Amino acid sequence: MTAYAHPFARTDRSAFGQWWWTVDKLLLAGVAALILVGVMMSFASSPAAAARLGVDDQFHFTIRQSIFAAGAAVILIATSMLSPRGVRRIALAVYLLSVLVLIALPFVGHSAKGAQRWLQLGGFSLQPSEFVKPAVIVLAAWMFSEGQKGQGVPGMSIAFGLYGLVVGLFLIQPDIGQTVLLTIAFGATFFMAGVPFKWILGLAGVAIPGLVSTYFLFGHVAARVQKFLSHDKADTHQIDRASEAIANGALFGRGPGESVMKNHVPDLHTDFIYSVGAEEFGLVFSVALIGVFALVAIRGLHKAMRLTDPFEQVASAGLFVLFAMQSVINVAVNLNLMPTKGMTLPFISYGGSSMLAMGLTLGLALALTRKRPGAYATPEGAAFR
Amino acid sequence: MSLFDIRIQAPIPSLRWLAERVWSVEHAFERAKAQARPEEDTRVRIFMVLCVFGLAFGLLTLGATRAALFSGKQTVSGPAAAAAASRADLVDRNGELIATNLVHYGLYVDPDEVWDVDQTRQALLAAAPQLNAQRLQKALTADHVSYLLGGLTPQDKDRIHALGLPGISFAEEDKRVYPLGVSASHLVGFVDSGGQGIAGMERALDATIRQAGRSGQPVALAIDLRVQGALEDELSSAIVKLGAKGGVGIVTDTQTGEVLGMASYPDFDPAAPGRASDDAKLNRAASSVFEMGSTFKVFTLSAALDSGTATLDSRVDVSSLRIGDRQIHDDEKSNRVMTLSEVFIHSSNIGTSKLALQMGGDRLVPYFDAFGLFRPAPIELRESARPLAPRKWSETTVASASFGHAISVTPLQVAAGVGAVANGGVYVPLTLKKRVPGQPIVGRRVIKPETSEAMLGLMRLNVMKGTGTKANVPGLRVGGKTGSAEKAIGGHYERHKVVASFASVFPTDGPVNQKRYLVLILVDEPVGNAFSMGQRTAAWTAAPVAGRVIDRIAPFLGVRRVTDLPNLTPTPVPEVETEGEQ
């Protein structure tokens, strides 16, 4: 028998050892791959973005992206070590803090690109709306499960109250993209928690007029939707360049650093990073990237499905929905299948807030899907596929 | 006791009704969960969501494939094709060029057509040393056309073209060029590499400039580059000599509101805005607010005269003034009764405060409002900042504001307000666009023409006998008012940090509708040195600059010199400047 010393044995009871043996490695690997691809892509996008914004240091955005990536990894690992109770506590703390900041924002925030949604902290600006989303999902799932226990907790009302407060604050900014995203994820959470099917029809009756009035009330949303529907040649600079870039990339891409489009599109390093990647590395890369997103989303939902505790099930599934929804919307916008919405591609787009908040989102989800005695209906790796 | 019971006992019937509804819904939700086999139910639902996302990712993969391979958009999108719509030239009021788009060239290489890779590489590197050797090598051995270099001037392009290398091609690119360098940089602003206006007029008139660019017409600005040149030259050299932190200079035509010159220091090169600090890019004329000090007395005395509170002959006891527990000070203490003119030329805080209190806030504040002191200066620039004005007008506030404290405004607001005092009493919005001759000018009356004339007389008197003597220019009938405000830092006034300003008008004589020009000079934190006889005050720092600027620009503006009458030769009075609440 060869003496094989694993860094930490299965019998290792230290916090890290326990974490390593209980966390889902496939999910972890998927997220790690996304973070690394994000840093790699910033090498391609940073010089062009720096030139556009007149920053002298070519790798300004690469350096910052690397710092954010490290921060996200730390948050991811730290939160994924939590117990379900710890997850609820962190979610509550993050919720309260973010709501406080969101309320204070109109007074202290600094406004970027027509909306006041940033908090300036040292050299970085933080966007509290990014962090509040996972917190709402976890708290809502918790409240739904408490409500269903029938012990006098008006869970559903509290969950809707928590959601309503945040959406109200989003709409004041106004931040329609985040509102839509949170609404979909919250709706999915409510659905998974077990809303009667006949209610769903009723809710649709409320949601559809809501979306229609959003369209008419907020000028910039209407303009974007109309632009998408009308395919007006004059004003679709970004998306036209993105379509050309993806077409230029074809199967194998133009090669690293060879993207032409990145010199001509604002937000190339944030909302349109997918197109830059598709131009430089081609369809092979894009399909692999979509594959990794799909892997994390589907694997995550599959694990959530097999959990036993209703809170853990719904909360982890809701967090994976948040992640999946954001990636689907961003890629769909890049492929011109949806109107531009100003949404980032999780872990890949440049941006501190979205990066750190995604670390938090998946950290919490990993914590809930960790192996624990009695957590899963069937032993890990066995039946129910 | 559960929350349920608490809710039901809600006191108001409608609240009770609401609580009951809420609870019936809660119970329905709870029952639905209990009736469906709980675990299986959520599992099935999560599985449905999973399927939806599986489908979504599948569709994205199909969409990605279609976009990459079957979109039919396989055009090589070179920089020329993608460059933003061409922008119009910017010219000054006389048609002199300020900003233009020049065609530059992008360099491409098609490896299929290259005969000799080594020779091509060496020749290109020799002709264009800025090329990256590794990148070039890669491009030469790639299997597609590559973009090597942008921003080549026609000379660069010709040099490379003359090498006669096969496989090398050029495409036109558009580039914004500012031939005057730093001149008028804050006013003109700059664009990003995609041709989007980011600051100054490039941003304010972005749409107009693009539209004009399509029809090939230049956009004419109001400024006169000769005036701008003289203003920048005098202001920058004074700032260096005075060791000041920064400065502002504004020249306007008071009747049309056209800004003929605007300078802000420190400045930056609009061709490389990325290399300049935010401080250098700050347009202090439009975006910085200052407590202006005594320059405000122009507004207070205009209001006092116009409202009939005082006449030029009114007398004010300036020996002392106490409001509550606050003492108002004059630097040159004087235990006498002054006429209104003396209050102005000796710049008495006590006298001005007393006049303001006599009027009362109810009458003074509407005048300040009409002079535009509570709103961002009306001008095209998006940088035009909001002033910091008091919300409540107590007696102390009225007194402080009457001599330019407790209210911070931008230099552009002062220029617009003093312009209204000088042009016969009409507030005309400032503009950086050249006015079309004959186009009616929409302004609103603030003070009577007689008040305007009286104020012009007072300002002239101040330059002849008061604090403004250093601004006098033989034959140009200059009038003006100084202001030297100590900066409020951390709640108290800092003696050594002074904002020195001089608002001047010329010529001050002639009929009320005479063409008059305003020159506003502001020097931020001058140090008292040999150049200013050890003084920081506006009389020694800002006023001389205004005088030299006026001396230089009057010929361009068509203002004729007249022979000064001997009794109108200025006779300086002792230095009495310096405000601030001690």
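Criteria and thresholds
- Residues numbered from 1 in each chain as written.
- Chains lettered and ligands numbered in written order.
- Predicted model: local features only at pLDDT ≥ 70, side-chain atom pairs only at ≥ 80, totals over all residues.
- Heavy atoms only, no water.
- Helix = DSSP H or I, 4+ residues; strand = E, 2+ residues; numbered from the N terminus.
- Contact = heavy atoms within 4.5 Å.
- Areas by Shrake-Rupley, 256 points an atom, 1.4 Å probe, with all protein chains shown as cover.
- Buried area = accessible area lost by both parts, 1.4 Å probe.
- Salt bridge = Lys/Arg side-chain N within 4 Å of Asp/Glu carboxyl O.
- Polar contact = N/O pair within 3.5 Å; in protein donor to acceptor, adjacent residues only side chain to side chain.
- Nonpolar A, V, L, I, M, F, W, Y, C, P; charged D, E, K, R; others polar.
- Pairing = 2+ DSSP bridges.
- Axes fitted to C-alpha atoms, helices over the stretch in contact; angles between N-to-C directions.
- Left-handed = near helix turned anticlockwise from the far one by under 90°.
- Buried < 20%, exposed > 50% of the residue type's maximum accessible area, 1.4 Å probe, protein only.
- pLDDT = per-residue confidence, 0-100.
- Patch = residues over 30% accessible without salt bridge, like charges linked within 9 Å, V, L, I, M, F, W, Y side chains within 5 Å.
- Phe/Tyr/Trp six-rings, centres within 6.5 Å; stacked < 30°, edge-to-face > 60°.
- Lys NZ or Arg CZ within 6 Å of the ring centre and 35° of its normal.
- Core = buried A, V, L, I, M, F, W, Y, C linked by side-chain atoms within 4.5 Å.
- Expected span 1.5 Å × (residues − 1).
- Bend = angle between axes of the 7 residues up to and from the residue.

### Side note on the overall build of chain A
Logical step 1: Summing up its helical and strand segments, chain A has 13 helices and 3 strands in all.
Logical step 2: A sequence separation of at least 24 residues applies to 71% of the contacts in chain A between residues at least 6 apart.
Logical step 3: About 15400 Å² of surface is accessible on chain A, with carbon and sulfur atoms providing 70% of the total.

### Some points on the overall build of chain B
Logical step 1: Helix and strand counts for chain B come out as 21 helices and 20 strands.
Logical step 2: At a minimum sequence separation of 6, the contacts of chain B that also span at least 24 residues come to 71%.
Logical step 3: Only carbon and sulfur atoms are counted for the fraction: they give 55% of the accessible area of chain B, which is about 24900 Å².

### Some words on the interface of chain B and chain A
Logical step 1: Tallying the contact residues gives 53 residues for chain B and 65 residues for chain A.
Logical step 2: Here chain B packs against chain A, burying approximately 5300 Å² in sum over the two surfaces, 67% of which is carbon and sulfur.
Logical step 3: Taken together, the connections running from chain B to chain A amount to 0 salt bridges.
Logical step 4: The interface formed by chain B and chain A contains 7 residue pairs in polar contact (both at pLDDT 80 or more).
Logical step 5: For the side of chain B that touches chain A, the secondary-structure elements that each account for two or more residues are α1 (3-8), α2 (13-35), α3 (38-69) and α4 (79-82) of chain B.
Logical step 6: When residues in the side of chain B that touches chain A are grouped by element, the largest group, 23 residues, is from α3 of chain B.
Logical step 7: Grouping the amino acids of the side of chain B that touches chain A by side-chain chemistry returns 25 nonpolar, 15 polar and 13 charged.

### Some remarks on the pairing of strand β19 (residues 492-506) of chain B
Logical step 1: Taken together, the 11 bridges between strand β18 (residues 479-489) of chain B and β19 of chain B define a ladder with antiparallel strand orientation. What sits directly across from G483 of chain B, in β19 of chain B, is S501 of chain B.

### Quick word on the packing of helix α14 (residues 297-306) of chain B against helix α19 (residues 411-422) of chain B
Residue and element names in this part refer to chain B.
Logical step 1: Closest axis-to-axis distance for the α14/α19 pair is 10 Å, and the angle between their directions is 35 degrees. Crossing handedness for the pair α14 and α19: left-handed. For the pair formed by α14 and α19, the contact residues are V298, F299 and S302 on the first element and V414, G417, V418 and V421 on the second.
Logical step 2: Considering only residue class, the contact of α14 with α19 consists of 5 nonpolar, 2 polar and no charged.

### Considerations on the environment of L107 of chain B
Residue and element names in this part refer to chain B.
Logical step 1: Mapped onto the fold, L107 is located in strand β2 (residues 97-109).
Logical step 2: Exposure remark for L107: the relative accessible area of 0% places this residue in the buried category.
Logical step 3: Between the alpha carbons of L107 and S146 there is a distance of 8.6 Å; along the sequence they are 39 residues apart.
Logical step 4: Setting aside chain neighbours within four positions, we find L107 in contact with L124, S146, Y147, L148, L149, L152, I160, I168, S169 and F170.

### Here's the deal with the side chain of K133 of chain A
Residue and element names in this part refer to chain A.
Logical step 1: Mapped onto the elements, K133 comes out in helix α5 (residues 128-148).
Logical step 2: Here Q178 takes part through its side chain, which lies 2.9 Å from a polar atom of the side chain of K133.
Logical step 3: When near neighbours in sequence (up to four residues on either side) are disregarded, K133 contacts F170, Q178, L181, L182, L322 and Q326.

### With respect to the environment of I77 of chain A
Logical step 1: Structurally, the position occupied by I77 of chain A is in helix α3 (residues 60-80).
Logical step 2: Distance in space between the C-alpha atoms of I77 of chain A and G363 of chain A is 6.3 Å, their sequence separation being 286 residues.

### Here's the deal with the pattern of salt bridges
All names here are of chain B.
Logical step 1: Overall, the coordinates contain 24 salt bridges over all chains when judged by the stated rule.
Logical step 2: With its nearest N and O atoms 2.8 Å apart, the salt bridge here joins R284 to D279.
Logical step 3: Classification of R284 by relative accessible area gives buried; the value is 6%.
Logical step 4: R477 is paired through a salt bridge with D509; the nearest N and O atoms lie 3.0 Å apart. Taken as a pair, R477 in the loop between α20 (449-465) and β18 and D509 in the loop between β19 and β20 (517-524) lie far apart in primary sequence, 32 residues in all.
Logical step 5: By relative accessible area, R477 is classed as buried at 11%.
Logical step 6: Here D509 falls in the partly exposed class, since its relative accessible area comes to 32%.
Logical step 7: The structure contains a network of salt bridges with shared partners spanning R87, R176, E202, D206 and R210.

### A closer look at the sheet that holds β19 of chain B
Residue and element names in this part refer to chain B.
Logical step 1: Reading across from one edge, β9-β8-β20-β19-β18 is the order of the 5 strands in this open sheet, with antiparallel pairing throughout. Each having just a single partner strand, β9 (259-265) and β18 make up the two edges of the open sheet. Looking at each pair of strands side by side, their axes are set apart by 10 degrees on average, direction ignored.
Logical step 2: As defined by bridge partners, strand β8 (residues 246-253) adjoins β20 across 8 bridges and the pair is classed as antiparallel. Residue pairing across strands places V251 opposite V519, the latter belonging to β20.

### As for the confidence of the model for chain B
All names here are of chain B.
Logical step 1: Residue-level pLDDT values for chain B average 81, and 90% of them are 70 or greater.
Logical step 2: Counted against residues more than four places away or in other chains, residues 76-84, with its pLDDT under 50, gives 23 contacts.
Logical step 3: Predicted confidence for residues 573-582 stays below pLDDT 50, and this span has 44 contacts to residues more than four positions away or in other chains.
Logical step 4: This complex was scored by the predictor with a pTM of 0.54 and an ipTM of 0.85.

### Topic: the confidence of the model for chain A
Logical step 1: The predicted model of chain A has a mean per-residue pLDDT of 81, with 82% of residues at 70 or higher.
Logical step 2: Within the model, pLDDT remains below 50 along residues 380-385 of chain A, and this stretch shows 12 contacts once partners closer than five positions in the same chain are excluded.

### With respect to a nonpolar patch on the surface
Logical step 1: A surface patch of nonpolar side chains, about 520 Å² in accessible area, is lined by L251, F252 and V284 of chain A together with L69 and F70 of chain B.
Logical step 2: Structurally, V284 of chain A is set in helix α11 (residues 273-305).

### Topic: the packing of aromatic side chains
Logical step 1: Throughout the structure, instances matching the rule amount to 19 aromatic pairs over all chains.
Logical step 2: Ring geometry for F281 of chain A and F285 of chain A: centres 5.3 Å apart, planes at 50 degrees, overall tilted. With F281 of chain A and F285 of chain A both in helix α11 and 4 residues apart, this pair spans about one turn of that helix.
Logical step 3: Classification of F281 of chain A as partly exposed rests on a relative accessible area of 23%.
Logical step 4: Judged by relative accessible area, which is 15%, F285 of chain A ranks as buried.
Logical step 5: Their ring planes at 50 degrees and their centres at 5.2 Å tell us that Y108 of chain B and Y147 of chain B sit as a pair that is tilted. In this pair, Y108 of chain B is assigned in strand β2 and Y147 of chain B in strand β3 (residues 146-152), connecting sequence segments 39 residues apart. Accessibility classification places Y108 of chain B together with Y147 of chain B in one group, the buried group.
Logical step 6: Among the aromatic side chains, those forming a connected cluster through ring pairs are F296, F299, F368, F371, F374 and W393 of chain B.
Logical step 7: Its guanidinium or amino end placed over the ring of F191 of chain A, R45 of chain B lies 5.1 Å from that ring's centre, counting from NZ or CZ.

### Considering the nonpolar core
Logical step 1: Ranked by size, the top nonpolar core spans 118 residues in total, and within it Y274 of chain A together with F57 of chain B carry the most contacts.
Logical step 2: A total of 16 residues in this core trace back to one element, the largest contributor, which is helix α12 (residues 310-334) of chain A.
Logical step 3: Leaving out residues up to four positions away in the same chain, Y274 of chain A has contacts with I246, S286, L289, I290, N330, V331, N334, L335 and L345 of chain A together with A64 of chain B.
Logical step 4: With 91 residues, the next largest nonpolar core counts V259, A286, A304 and A420 of chain B among its residues.

### With respect to helix α2 (residues 25-53) of chain A
Logical step 1: Helix length check: α2 of chain A (29 residues) gives 39 Å between terminal C-alpha atoms against 42 Å at 1.5 Å per residue, within 8%.
Logical step 2: If you look at α2 of chain A, its biggest bend is around 45 degrees, right at S45 of chain A, and the proline P47 of chain A turns up within four residues after that.

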